[in-house]
Structures are given as structure tokens and as C-alpha cells.
There are 2 protein chains.
Amino acid sequence: MRYAVLGTGIVGRTIAAKLTALGHETVIGTRDPEATLARTEPDGYSNASFAEWLADHSAVRLITFAESAAWAEAVVNTTAGGASLEALTAAGADNLAGKVLLDIANPLDFSAGMPPSLNPVNTDSLGERIQRAFPDTRVVKALNTMNCEVMVDPSRVAGEHDVFVSGDDTNAKKQVTELLVSFGWPAASVIDLGGITTARGTEMLLPIWLRLWGALGHADFNFHIAGARTSA
Amino acid sequence: MRYAVLGTGIVGRTIAAKLTALGHETVIGTRDPEATLARTEPDGYSNASFAEWLADHSAVRLITFAESAAWAEAVVNTTAGGASLEALTAAGADNLAGKVLLDIANPLDFSAGMPPSLNPVNTDSLGERIQRAFPDTRVVKALNTMNCEVMVDPSRVAGEHDVFVSGDDTNAKKQVTELLVSFGWPAASVIDLGGITTARGTEMLLPIWLRLWGALGHADFNFHIAGARTSA
């Protein structure tokens, strides 16, 4: 399948590399490809520059948000949560119409320092905002509750652990679940929470995720829901 | 130890019954004991009336918030989150001073219907509010992330699963951890997240807990953090 990954950060790179490794044609979409490629300094998280990463992943092309969304059959949002609606607007509602949008972003708000809070939160979620702003796109929230290395290689975390999906379109959730299984997730570890409003629940996992990261001293952990999986 | 459980709902009853079974002298504190005992109808959740429950648990005494807090060596807050500060104020800062307060309440806000949202949330938490309002009390947030039957009998949920503790006082967290172990929690399943501000993280688990309850169709589940428990 032709995938557009929106966002050039570590999550976008990790997802794009995995999609490519699985044989999918993959592009990364960004606001201004030339500007992205011109930056040579590491990003704020000490990752290599995007140009350096791209040199090692020559199967991936870097194009604009709009070009990438127009070309792709499915889209993955890995932009920073505070910039996601702007990025998707640049990608274009027409280019996104009818397509599955896997939304991995979290609406982290760093305006009051660390640890970040969430905005929106509690009575709304980024996933819902995106679905409302792009009603013809089939938004599925998933993978936003773990480190990106775990997203594409669940075996990094020993024992059973889970990934949540939220979305209003059953077929879109089925398509995302198949992608997750191809990433290495057992189908039994994919928990369908229901409609896109349930993204409130998964986005609100971020505050404890961040504190667990501090308490455990590493990011190779994940949530597991212990207990019988009676179907709804 | 002499325990005061504040709150006559199903959580308070379940905790009080367990404390009594473990040999602790236990009272339940409420605003108006006579009024509580006079109610004969089941509560909103179809539980038996408190008077009926008390008849089966004759070792437990029902007294006022203030009497219970004055008598007890340690206090457990199981009141509704929206009423907790009022209940604790009635219990009395002097009666609570120096004591460990295990806070199990969640600040669920039903004002906009179901599912409830949280208030406070995100940049504050009920646990923090209680600690700020009662600076001489040693507040430990714990057990608020699961059904009350699981709190006192973790074996109801198969496999490994965890309970989080948040609090500023190390000795208070140690005392609560010992209580949790006496409830049946393996010490390795007690995750110390850090100070009381980390209660934001555990209170914000409620939205996904509620949605998992819906998706799974039962409440005998719990969160497990998969991954190595490197100490902080």
C-alpha cells in the first residue's frame, strides 16, 4: 500500500522505516521539504538531522504534506499534536477524503514546562478534533500510548502488552489492525475501545506514561490490560 | 491499627470489610450517621442500604467524619471525589494531622452526563488538592485505578497487574505498601510513581478504565505495566 507519513520527527522516521521494511511504498510529508533537508543540526531530542536519516533510508521520499496526502492510499499522522490540525489542513481535506488516517499524535502542551499537560483533554481529544475537521477521512487513533520503538517492534517489551484502537469506521479499524499485526502485534493484543471519542482515554494515558518513564528509567514498557477479554 | 474509612459507598464498605477481616479495628465515617442508617432504599448502584450492610458487618461502627478521624491512626478516603474536600474538612485538619491518608477517590464529574469527565484534571489532581488543603496530613494516592473488588482481592484478575502509589512522604508510602501487601498485592506489583503530583497520572487513567469496562463487559481487569522494573 502507498503510505504517507506526516511528520519528520523520530516517530515519523520509525514508522516510515518500518513501512518500507514491510514493502510498502512510503513517503514522508512535511511543510517545506527543502527547509527540512537544509537543517544539519540534531533535533531537540539529540536525533540525527533528517537529511542524515534520509541518506540511510533512500527508499523514502520527502515531499510536501499536500503531495504526500494526494499520492498516498493511507496516511499516518506523526506530527506534534499542537501542529497536527495545521499540518492536516496543509495536506488538504480533498487529498485526505475517503482515506484511512492513523493518528499517532498526542496533544502535549509544553507551555507550562515539564512534564507537559494535554490540550485538548478530558471533554475532547485530538483524535476527535481531527475527525470533526475532516469528516470525510476515516480517523483511527492508535499507537499513541507507547514509545515509537515499541510501536514497530512489540517484542522489545517482554510479556503480554496491548495497543488500543479508537475510531468510528469499522473497516478503517480493521485495516489499521492488519497493519498492527504486520508490525508484530498479536491480534489478541489489539483492544478496540469503540468510537473516536474513546481517544480521550488513550490520550489521557500520556501523563502516567511520562511518570512511568521517569520511575522506571527507560521507555521499553507498555500498558497491558490484565483480565478476561470478553467481547463487548 | 485503627482505621477510619470515610464514605459509606461500595468502595468504603469493601475496604472496611477487608480491614476488619485482617483484624484491624475499623470505623466508617459519614456526615450524618443517623441519616445514613435511616435510609432503607438501595443506593444508585443497586447496592443494599448501608444499614443492611452494617447488620452483616457488626464489627464496624458508623460514626461522624470528625469522630472517626479523631479516633483513627490512619484514614482512608473513599468519598465521592466531588465531595472529598468537604468530607475531609468535616473530619477536621487537627484530627487528620500527622496521619497517613490513603486517598482512593477519583474526581469524577457527572455534570455533563455519561461518561463522566474529571475535575480537577491535567494540571492538578484531587490527590494534590487534598495534600495542599491538609499539609500536616501524609496523603498517599493509591488503589484508585481499579474496581473495589480487585483492590482487596487482586487474585480476581489473572496474571500480573499493578497498583500505583503517589505521595510526598516516603514512610507513608511504605505504610500504604504494607497495607497493600496485606490485601494480597505482591510487593513487586506496587509501583511508586513519585510525589503526590503523579496522582494526575493515575486519576487520568479513569477515562480509559471506564471505556475498557464498556469494551470488555466486566470490571475484573486491571492495568499492568509490562517491561523491566529498573528502579528509579
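These numbers were taken from a predicted model, which means no experiment stands behind them.

About the cut-offs
- Per chain, residues are indexed from 1 in the order of the written sequence.
- Chains carry letters from A onward and ligands carry numbers from 1 onward, assigned in written order.
- Local features in this predicted model are restricted to residues whose pLDDT is 70 or higher, and side-chain atom pairs enter the listing and the counts only when it is 80 or higher, whereas totals over whole chains, interfaces and linings include all residues.
- Only heavy atoms go into the side-chain values, all of them from the structure, while hydrogens and water stay out.
- Strands here are runs of E lasting at least two residues and helices are runs of H or I lasting at least four, both read from the DSSP assignment and numbered beginning at the N terminus.
- We compute the radius of gyration over the C-alpha atoms and compare it with the globule rule, which gives 2.2 Å times the number of residues raised to the power 0.38.
- Exposure categories follow from relative accessible area, calculated using a 1.4 Å probe and restricted to protein chains: below 20% of the type maximum is buried, above 50% is exposed, and the middle band is partly exposed.
- Residues are treated as being in contact if the distance between any of their heavy atoms lies within 4.5 Å.
- Charge counting follows a simple rule: Lys and Arg are positive, Asp and Glu are negative, and His as well as the terminal groups are ignored.
- Charge placement uses NZ in Lys and CZ in Arg. For Asp and Glu, CG and CD serve respectively.
- In the analysis that follows, any N or O atom pair within 3.5 Å is treated as a polar contact, provided that within protein one partner can donate a hydrogen and the other can accept it, and provided that, for residues neighboring in sequence, both atoms belong to side chains.
- DSSP bridges decide pairing: two strands pair if at least two such bridges lie between them.
- Only the contacting stretch of a helix is used when fitting its axis, a line to C-alpha atoms as for every element, and angles between N-to-C directions run 0 to 180 degrees.
- Two distance rules govern patches: like charges are joined within 9 Å, and nonpolar side chains (Val, Leu, Ile, Met, Phe, Trp, Tyr) within 5 Å, applied only to residues with over 30% relative accessible area and no salt bridge.
- Surface accessibility follows the Shrake-Rupley procedure with a 1.4 Å probe radius. Residue values consider only the protein chains on display as shielding.
- We define a salt bridge as a side-chain nitrogen of Lys or Arg found within 4 Å of a carboxyl oxygen belonging to Asp or Glu.
- UniProt positions are given in the numbering used here, feature names are shortened, and annotations may be inferred rather than shown by experiment.
- What counts as buried area is the accessible surface, traced by a 1.4 Å probe, that two parts surrender upon association, with contributions from both included.
- Residues are grouped as follows: Ala, Val, Leu, Ile, Met, Phe, Trp, Tyr, Cys and Pro are nonpolar; Asp, Glu, Lys and Arg are charged; all remaining types, including Gly, are polar.
- Note on terminology: angles under 35 degrees are roughly parallel, angles over 145 are roughly antiparallel, angles of 65 to 115 are roughly perpendicular, and the others are oblique.
- Here the copies were fitted onto each other by least squares, based on C-alpha atoms from residues at pLDDT of at least 70 in both.

Digging into the overall build of chain A
Here's step 1: Secondary structure summary: chain A contains 11 helices and 11 strands in total.
Here's step 2: For a compact globule of 232 residues, the expected C-alpha radius of gyration is about 17 Å, and chain A comes in at 17 Å, within 12% of that figure.
Here's step 3: By its C-alpha atoms, chain A is 50 × 40 × 35 Å across when sized along the principal axes.
Here's step 4: Relative to its 232 residues, chain A shows a buried fraction of 55%.
Here's step 5: In chain A, 73% of the contacts between residues at least 6 apart in sequence involve partners at least 24 apart.
Here's step 6: In chain A, 17 positive and 26 negative side-chain charges are present, and the distance between their average locations comes to 3 Å.

Thoughts on the environment of Ser155 of chain A
Residues and elements named next belong to chain A.
Here's step 1: Examined against the element boundaries, Ser155 turns out to sit in the loop between α8 (148–152) and β9 (163–167).
Here's step 2: Assessed through its relative accessible area of 61%, Ser155 is described here as exposed.
Here's step 3: Considered as a pair, Ser155 and Trp185 are 30 residues apart in the sequence and their alpha carbons are 8.5 Å apart.
Here's step 4: Within polar-contact distance, the side chain of Ser155 engages the side chain of Asp153 at 2.6 Å.

Thoughts on the sheet that holds strand β9 (residues 163–167) of chain B
Residues and elements named next belong to chain B.
Here's step 1: Spatially, β3-β2-β1-β4-β5-β8-β9-β10 is the arrangement adopted by the 8 strands of the open sheet, whose pairing is mixed. Both edges of this open sheet fall to β3 (61–64) and β10 (190–194), since each of them pairs with a single strand only. Pairs of neighbouring strands in the sheet enclose a mean axial angle of 25°, with direction left out of account.
Here's step 2: Direction of pairing for β9 relative to β10: parallel, over a ladder of 4 bridges. Bridging from a neighbouring strand, Val163 pairs with Val190 of β10.

A closer look at the pairing of strand β11 (residues 222–226) of chain A
The side chains of a regular strand alternate, residue by residue, between the two faces of the sheet.
Here's step 1: Most of β11 of chain A sits inside the fold, with 5 of its 5 residues counted as buried.
Here's step 2: Of the two faces of β11 of chain A, the one holding Asn222, His224 and Ala226 of chain A and the one holding Phe223 and Ile225 of chain A are both buried throughout.
Here's step 3: Here β11 of chain A pairs with strand β11 (residues 222–226) of chain B via 5 bridges, running antiparallel. Bridge pairing in β11 of chain B places His224 of chain A opposite His224 of chain B.

Focus on a nonpolar patch on the surface
Here's step 1: A surface patch of nonpolar side chains, about 420 Å² in accessible area, is lined by Tyr45, Phe110 and Met114 of chain A.
Here's step 2: Looking at the element boundaries, Tyr45 of chain A is found in the loop between α2 (33–38) and α3 (50–55).

Here we look at the UniProt feature "domain: Pyrroline-5-carboxylate reductase catalytic N-terminal" (unreviewed entry) in chain A
Here's step 1: Sequence positions flagged by UniProt for "domain: Pyrroline-5-carboxylate reductase catalytic N-terminal" (unreviewed entry) are, in local numbering, residues 3–107 of chain A.
Here's step 2: Spanning residues 3–107 of chain A, this segment combines 41% helix with 21% strand, and its end C-alpha atoms are found 23 Å apart.

Some points on the interface of chain B and chain A
Here's step 1: With 41 residues of chain B in contact, the opposing surface of chain A contributes 41 residues.
Here's step 2: Both faces considered, chain B and chain A share a buried interface measuring about 3100 Å² in area, 67% of it formed by carbon and sulfur atoms.
Here's step 3: The tally of links from chain B across to chain A stands at 0 salt bridges.
Here's step 4: Those elements that place two or more of their residues in the side of chain B that touches chain A are β7 (117–118), β10, α10 (199–203), α11 (206–216) and β11 of chain B.
Here's step 5: Top contributing element to the side of chain B that touches chain A by residue count: α11 of chain B, with 7 residues.
Here's step 6: Looking at the side of chain B that touches chain A, its residues break down into 20 nonpolar, 15 polar and 6 charged.

Some thoughts on the packing of helix α1 (residues 10–21) of chain B against helix α9 (residues 170–183) of chain B
All names here are of chain B.
Here's step 1: In contact at an axis separation of 11 Å, α1 and α9 are set at 80° when each is read in the N-to-C sense. Between α1 and α9, the angle is such that the two are roughly perpendicular. Contacts between α1 and α9 pair Ile15, Lys18 and Leu19 from the former with Leu179, Ser182 and Phe183 from the latter.
Here's step 2: Looking at the contact of α1 with α9 residue by residue, the class counts come to 4 nonpolar, 1 polar and 1 charged.

Quick notes on the sheet that holds strand β4 (residues 74–77) of chain A
Residues and elements named next belong to chain A.
Here's step 1: What the 8 strands build is an open sheet, ordered β3-β2-β1-β4-β5-β8-β9-β10; its pairing is mixed. At either end of the open sheet lies a strand with only one pairing partner, and these are β3 (61–64) and β10 (190–194). For this sheet the average axis-to-axis angle between neighbouring strands, irrespective of direction, equals 25°.
Here's step 2: Pairing of strand β2 (residues 25–30) with β3, which is carried by 4 bridges, proceeds in the parallel orientation.

Some remarks on the relation of the copies chain B and chain A
Here's step 1: Under the fitted operation, chain B is carried onto chain A by 0.0 Å of movement along the axis and a turn of 180°, and the coordinates agree to an RMSD of 0.0 Å. Both chain copies can therefore be described as sitting about a two-fold axis. Within chain B, the C-alpha atom positioned nearest to the axis of rotation is that of His224 of chain B, 2.4 Å from it.
Here's step 2: The overlap is high: 100% of the interface residues of chain B also sit at the interface in chain A, so the same surface is used on both sides.

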